[in-house]
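Fold and geometry: a report
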Amino acid sequence: MRQSVRREGRAGRWNDDHGTAYRAERRGDERKVRDVAAALRIGVIGGSIAGCAAAVAGSRAGADVTVYERSGAELQDRGFGIVIPPPLHAELVGSGYLDTDMPTAPLGTRVWLTREPGGRSARELARQPSPVTPCNWGLLWQSLRASAGSVRYLRGQPVTSVRVDAASRAVITSARGDEPYDVVVGADGHASATRRLLAPGLRPEPAPYLVWRGAIPLGALAGHPRELDLLRGAWVTLGFPGGHGIFYLIPGGPQDGDGSTGPGNRLLAYAIYGRPPEGAEPGPYVQELAKEHFPAAWADIVARGGRRATACHPVADVQAPRVARPPLLLAGDAAGVTRPHTATGAVKALQDALCLERVLREGPDPATALERYADERTAAGAKLVELGRRMGRALVEEVPDWPAMGQDEVDVWFRGVLAGTWHYLYEEPGEAAGPAVAATSAGPTASAASAVRRPEPDAGSEATVSG
């Protein structure tokens, strides 16, 4: 049986109390680190970032893994920009989840802007240390997919149902027939049908505003050298009455710019939060909003992106009261959706995977491993949902008088929003995250779990799933 494992620091290196697992893996002695999960069969519903990360986790723990992805097309062109904490990125690279060559666009500073009152120029409000590693969603998915190695990835294989049989195995039904698994990971996104087996009747809670997201070529910044220069060294938050916008550079893909993986191939990613007036067509309204409230240069940048480069989404959140009950487990957005202000959608999915690998290696059996996973990840998800709601109120629903703010005012105001919760986007130099308050940690201790356990799924229970 594996010895107990603890996590030290935000860099997230999992260290065995006696160092056995770490040294064994370094020696290439796979038998010692894979004995618990040997012969374990894991089915993963959904082949996006959460599903691929869970597949890598299961494979690294020694399990036999099959991924069911409903889409018949490659997914690397989907999604926009995302950011992850630099220590998490380093851990994922060091652990083999991500390729060392995957392009990123690291930044260390956050700049707060607003429009000058009575004018169209930008006014800088504050600068804060905020180290992030921006990524291209598609390139991140591609790297995870490549790291899955021998995992069976069944493209164009929607799951029609999943049920728990009399032997307490999870059975996935698809066009291939029925397949029993020791563990099934529901990584089927924000509208997860797998979640309905664990939390019947649970529905997302909508926020009273929308988000417009886009990723546009740097040509949109032609004629705006000051803005481009700013974005090469910082990510930008632009406050306006009734909302805010986020702007940052991400790596371009092979189809973008010069097609290279270097710093010359970049896209401008953005997310703008606000409420369109009643009767307005939500999609195109973002350009009207920018024209009315943004500094002229930033409004022009949004306009140049055009409608085709922007997607409009409702904002909502939901958290499963318990993210695993053997033999079922939820990962990524299936486990819980937080408001995007926390910038933890992909982060949470990746941390879910690291936790899954660790508990599978600890053993002593799959059921115990999944209960440990549920203890850690349920509590972490609940903290993020609450933080996202506080941030939404502060940044959209009840925004401050932006022009009246300066460096000290911004620092004090947002410290109050965080209310003692550490978050990687708002790190101060030398600050350390304690496990009790680290909203983006890979999981607080089991004693911090706040969800009430529910009865295990009954044998024969079933949900229709589209994975």
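Preceding block: the structure.
All figures in this text were calculated on a predicted structure; none of them were measured in a lab. One numbering rule holds for all chains: residues counted from 1, following each sequence as written. Under the rules for a predicted model, residues below a pLDDT of 70 receive no local features and side-chain atom pairs below 80 are neither given nor counted, while totals for whole chains, interfaces and linings still include all residues. The basis for every side-chain value is the complete set of non-hydrogen atoms in the structure, without hydrogens or water.

Backbone-to-backbone hydrogen bonds join strands into a sheet, with any given pair of strands oriented parallel or antiparallel. Strands are treated as partners if at least two bridges between them are detected by DSSP. Each helix corresponds to a stretch of at least 4 residues labelled H or I by DSSP, and each strand to a stretch of at least 2 residues labelled E; elements are numbered beginning at the N terminus. With mixed pairing, the nine strands of this open sheet are ordered in space as β5-β7-β6-β14-β15-β16-β13-β17-β20. Because the sheet does not close on itself, it has two edges, and the strands there are β5 (81-84) and β20 (336-337). Helix-sheet contacts for helix α12 (residues 407-418) involve β6 (107-115) and β7 (122-136), and the interaxial angle to β7 is about 50 degrees. We call two residues in contact whenever any of their non-hydrogen atoms come within 4.5 Å of each other. Lines fitted to C-alpha atoms define the axes here, with helix axes fitted over just the stretch in contact, and angles between the N-to-C directions of these axes take values from 0 to 180 degrees.

Geometrically, the link from P326 to P327 is a cis peptide bond, its omega value of 10 degrees lying close to zero. Backbone geometry places A343, a non-glycine residue, at a positive phi of 50 degrees. Following the sequence through the fold, A343 ends up in the loop between β20 and α10 (345-362). Judged by its relative accessible area of 21%, A343 falls in the partly exposed class. Look at A419: it is not a glycine, yet its phi comes out positive at around 50 degrees. Summary of the burial criterion: residues with accessible area below 20% of their type's maximum are buried, those above 50% are exposed, and those between are partly exposed, where the area comes from a 1.4 Å probe applied to protein chains only.

Once that is clear, we can look at the environment of P284. Considering the arrangement of structural elements, one finds P284 in helix α8 (residues 282-293). Once the C-alpha coordinates of P284 and C312 are considered, the two residues, 28 residues apart in sequence, prove to be 8.8 Å apart.

A sheet is described by the order of its strands in space; here six strands give the open sequence β8-β4-β3-β12-β19-β18, paired in mixed fashion. Either end of the sheet is taken by a strand with one partner, and the two such strands are β8 (152-155) and β18 (324-325). Direction of pairing for strand β3 (residues 41-45) relative to strand β4 (residues 64-69): parallel, over a ladder of five bridges. Paired with I45 across the strands is Y68, a residue of β4. Contacts from helix α3 (residues 49-60) reach β3, β4, β8 and β12 (183-186) within the one sheet, and its direction differs from that of β4 by about 170 degrees.

Only centres within 6.5 Å qualify two rings of Phe, Tyr or Trp (six-membered ring in Trp) as a pair; their planes then separate them into stacked at under 30 degrees, edge-to-face at over 60, and tilted for everything else. Here the structure, examined in full by the defined rule, presents 13 aromatic pairs. Ring centres of W141 and Y153 lie 6.4 Å apart, and the angle between their planes is 70 degrees; this geometry places the pair in the edge-to-face category. One end of the pair, W141, is in helix α5 (residues 137-147); the other, Y153, is in strand β8, and 12 residues separate them in sequence. A residue is classified by how much of its surface remains accessible, and W141, at 2% relative accessible area, is buried. Relative to F414, the ring of W413 has its centre 5.0 Å away and its plane inclined at 75 degrees; by these criteria the two rings are edge-to-face. Among the aromatic side chains, those forming a connected cluster through ring pairs are F240, F247, Y270, F294 and W298. Lysine and arginine charges are scored as sitting over a ring when NZ or CZ, respectively, is within 6 Å of the ring centre and within 35 degrees of the ring normal. Its end group placed over the ring of Y153, R145 keeps NZ or CZ at 4.1 Å from the ring centre.

Glancing now at the pairing of β6. Alignment of β6 against β7, held across eight bridges, turns out to be antiparallel. Considered in β7, the bridge of W112 is made with A126. In textbook terms, the turn of a hairpin is the stretch between consecutive antiparallel strands, and for β6 and β7 this stretch comprises six residues, one of which, G118, has a positive phi near 75 degrees. Across five bridges, the pairing between β6 and strand β14 (residues 235-240) is parallel. Each residue of the ladder has a partner; that of T114, found in β14, is G239.

Right, let's talk about the pattern of salt bridges for a bit. Take a side-chain nitrogen of Lys or Arg and a carboxyl oxygen of Asp or Glu: if they are within 4 Å of each other, that pair is a salt bridge. Enumeration according to the criterion identifies 19 salt bridges in this entry. With a shortest N-O distance of 2.6 Å, R377 and D352 are connected by a salt bridge. Taken together, the residues R377 in helix α11 (residues 366-397) and D352 in helix α10 connect sequence positions 25 residues apart. Considered together, R377 and D352 belong to a single accessibility category, that of buried residues.

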